[in-house]
Amino acid sequence: MDDPSDDPPTSAVLLDSCHFSQVVFNNVEKFYVPGADVTCYYTLTQNISARGKDWVGIFRVGWKTTREYYTFMWAPLPAAGHSDTAVQQKIQFKAYYLPKDDEYYQFCYVDQDGMVRGASVPFQFRAETEDDILVVTTQGEVEEVELQNKTLREENEELKASCANLRKQNVELQEELKKTQELQKSLESLRSNTEKLELELNSLEMENKHLKEQGDCREAELQQLREQIQDVTSEKQRLESRLKTALEHMDQLQSQVLNYEKEVENLSLVGQDKTEQLETLKEENQQLRLSTAQQLQPGAVALGFAIFPPDLPTPFLSQQHNLMKELEEQKHLFQVLQAEKDEADEESQKLRAENSALLRHLSQAAEFSPLSALPQARAPIPAPGAGGLLFGNPYSAAGGNPGAGAEASLRVCPMCEEVFPGDVEISQYEAHVQSHLLECPICTKSFEKSNKQVFEDHLLCHRLE
């Protein structure tokens, strides 16, 4: 065999694509004696052209590809001139490289492309058995052999009977074994079910423990919520008391504002009378001035001077002076009343803001207390206009009761007492109320249309200023 490092060409081509008829192996023995050289005889047909890398290998029966060879020898090239006829060749494998087991092997011719071109019949590497040797015996030996055969037959019958009994016992034992296996399976199933039930029991115990812990936590939270409800209820009662006090104070301030408005109206009427008297006195004074001017010198008149005699302390001038003084006093009193009214409006505005804050606080407190009996809505509190609280009690829309929740969704005109449902838009309600008012173009104060004289006196006061 050549150097093993020089591996032969092989391929992964399967048996289906090989051509085994191009090389025929001859005189292949059934057995080759282990430890001896083996000579392989084969014939190259005219269908194959030998090449330098062709080789013959020994393969174990059942091989799949040419890479599974056990050993190989390079195939010798035939002599020249024999390319068109069959050529006899031989190769000798050394005993050292041959298999040592008794498996079946075969010769295969492989070309340099790794394709199998021929394969031999299977053979083994072992010595011949005694079955292949002819034995000659005498008549006595034959009779002795027949006697031994008879004894062996009897023993065979006994063994057959014993074997039948053993088979029967084996069947019974197999049935018992089968029953035992079924019982074992049932026992394993019961054990598995028991383990599952134990796991479920442990899970339920853990869940029960967890639920108890949650119940304790919920009880503590419930106690804390009860305490919070109690605190919120106390805070609500305190805020309701403060709200009630603030509303009473607001009603008092509203009454004071109404009284101030009445006084201002009376003062406006008095000022109107005084203004008429002043106008009358002005006309009389003008007439007196004209009559006096006619008595003066014509030159002074031509120069455009109005010379009054120094001795003119007439009762008209004194009366005019008194009226002007009284008018100034009335004007000062009006300003004082107006300042007091503005202060009352400012305080009323602060009370309204505090009232709104208290109502918001109460509404927030009601969210925490499910036992709250606070009315869910109060009558809307209109914001003061530019001229102050001119529309009476702001809670008149709820029948004078600041806690009247039943009328909270209605709006009542403070002028004509017309009732507007809650679904009417605020702009429509405001436009209706504005239709009853007269607005001062100077200070943007509003007056009722029914008190048009008060509105005109108010404009006159602006002109006198």
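Residues numbered from 1 in each chain as written. Predicted model: local features only at pLDDT ≥ 70, side-chain atom pairs only at ≥ 80, totals over all residues. Heavy atoms only, no water.

As recorded in an unreviewed UniProt entry, the chain goes by the name Calcium-binding and coiled-coil domain-containing protein 2, listed as coming from Neopipo cinnamomea. Taken verbatim from the UniProt record of the chain, the Sequence similarities (unreviewed entry) comment is "Belongs to the CALCOCO family." (UniProt positions renumbered as here; feature names shortened; annotations may be inferred.)

Caption draft 1: Spatial organisation of the overall build of the chain. Broken down by element type, the chain carries five helices and 13 strands. Residue pairs in contact within the chain that sit at least 24 positions apart in sequence constitute 64% of those at least 6 positions apart. Just so you have it, the chain exposes about 31600 Å², and 52% of that area is on carbon and sulfur atoms. (Helix = DSSP H or I, 4+ residues; strand = E, 2+ residues; numbered from the N terminus. Contact = heavy atoms within 4.5 Å. Areas by Shrake-Rupley, 256 points an atom, 1.4 Å probe, with all protein chains shown as cover.)

Caption draft 2: Quick look at unusual backbone geometry. Backbone geometry at N27 places phi at a positive 50°, although glycine is not the residue there. With respect to the helices and strands, the residue N27 is situated in the loop between β1 (23-26) and β2 (31-32).

Caption draft 3: Seen up close, the UniProt feature "coiled-coil region" (unreviewed entry) in the chain. UniProt records the feature "coiled-coil region" (unreviewed entry) for residues 135-291 and 327-361 in the present numbering. End-to-end, the C-alpha atoms of residues 327-361 are 50 Å apart, and along that stretch the chain is 100% helix and 0% strand.

Caption draft 4: Highlighting the sheet that holds strand β7 (residues 105-110). Strand order in the open sheet made by the four strands is β5-β4-β7-β8, with antiparallel pairing throughout. Sheet topology places β5 (69-74) and β8 (116-119) at the edges, where each strand pairs with a single neighbour. Taking each pair of neighbouring strands and ignoring which way they run, the sheet shows an average axis angle of 25°. The sheet contact formed by strand β4 (residues 55-60) and β7 spans six bridges and is antiparallel. In the strand pairing of β7, G57 is matched with C108. (Pairing = 2+ DSSP bridges. Axes fitted to C-alpha atoms, helices over the stretch in contact; angles between N-to-C directions.)

Caption draft 5: A look at the UniProt feature "domain: UBZ1-type" (unreviewed entry) in the chain. Using the residue numbers shown here, the UniProt feature "domain: UBZ1-type" (unreviewed entry) corresponds to residues 410-436. Between the first and last C-alpha atoms of residues 410-436 the distance is 19 Å; the span itself is 33% helix and 15% strand.

Caption draft 6: Broad picture of the packing of aromatic side chains. Per the counting criterion, the structure on display carries 21 aromatic pairs. Seen in terms of ring centroids, Y96 and Y97 are 5.1 Å apart; in terms of plane orientation they differ by 85°. Their pairing is edge-to-face. Relative accessible area serves as the criterion here: at 68%, Y96 is assigned to the exposed category. Members of the aromatic cluster, connected to one another through ring pairs, are F25, Y32, Y42, Y70, F93, Y105, F107, Y109, F123 and F125. (Phe/Tyr/Trp six-rings, centres within 6.5 Å; stacked < 30°, edge-to-face > 60°. Buried < 20%, exposed > 50% of the residue type's maximum accessible area, 1.4 Å probe, protein only.)

Caption draft 7: View of the environment of A75. When you line up the elements, A75 lands in the loop between β5 and β6 (87-93). The buried category is assigned to A75, whose relative accessible area is 8%. The contacts of A75, once residues within four sequence positions are left out, are Y42, D54, W55, V56, I91 and Y109.

Caption draft 8: Quick look at helix α4 (residues 426-434). For α4, every residue scored as buried is listed here: Y429, H432 and V433. Seen end-on, α4 carries its buried residues on one side only, within an arc spanning 95°. (Arc of directions from axis to C-beta.)

Caption draft 9: Structural context of the sheet that holds β6. Reading across the sheet, the three strands line up as β1-β3-β6 and stay open at both edges, with antiparallel pairing between neighbours. Edge positions in the sheet fall to β1 and β6, since each has one partner strand and no second. With strand direction ignored, the average angle separating the axes of adjacent strands in the sheet is 30°. The pairing of strand β3 (residues 38-44) with β6 spans seven bridges and is classified as antiparallel. Counted as the bridge partner of Y42 is Q89 from β6.

Caption draft 10: Structural context of the side chain of S120. Tracing the backbone through its elements, the reader meets S120 in the loop between β8 and β9 (124-125). Among the residues examined, S120 registers a relative accessible area of 8% and is labelled buried. Engagement of the side chain of S120 in a polar contact is seen with the backbone nitrogen of F107, the distance being 2.7 Å. Beyond its immediate chain neighbours, meaning those up to four positions away, S120 contacts F25, V28, Q106 and F107. (Polar contact = N/O pair within 3.5 Å; in protein donor to acceptor, adjacent residues only side chain to side chain.)

Caption draft 11: Here's a closer look at the nonpolar core. In terms of nonpolar packing, the biggest core is built from 21 residues, with F25, Y42, V56, F93, F107 and Y109 touching the most fellow members. Listed by contribution, the elements that provide at least two residues to this core are β1, β3, β4, β6 and β7. Element by element, the count of residues in this core is highest for β3, at four residues. Those residues in contact with F25 that lie beyond four places of it in its chain are C40, Y41, Y42, V56, F107, C108, Y109, G118, A119 and S120. The next biggest cluster of nonpolar side chains, apart from the first, holds eight residues, and it includes F59, W63, V110 and V116. (Core = buried A, V, L, I, M, F, W, Y, C linked by side-chain atoms within 4.5 Å.)

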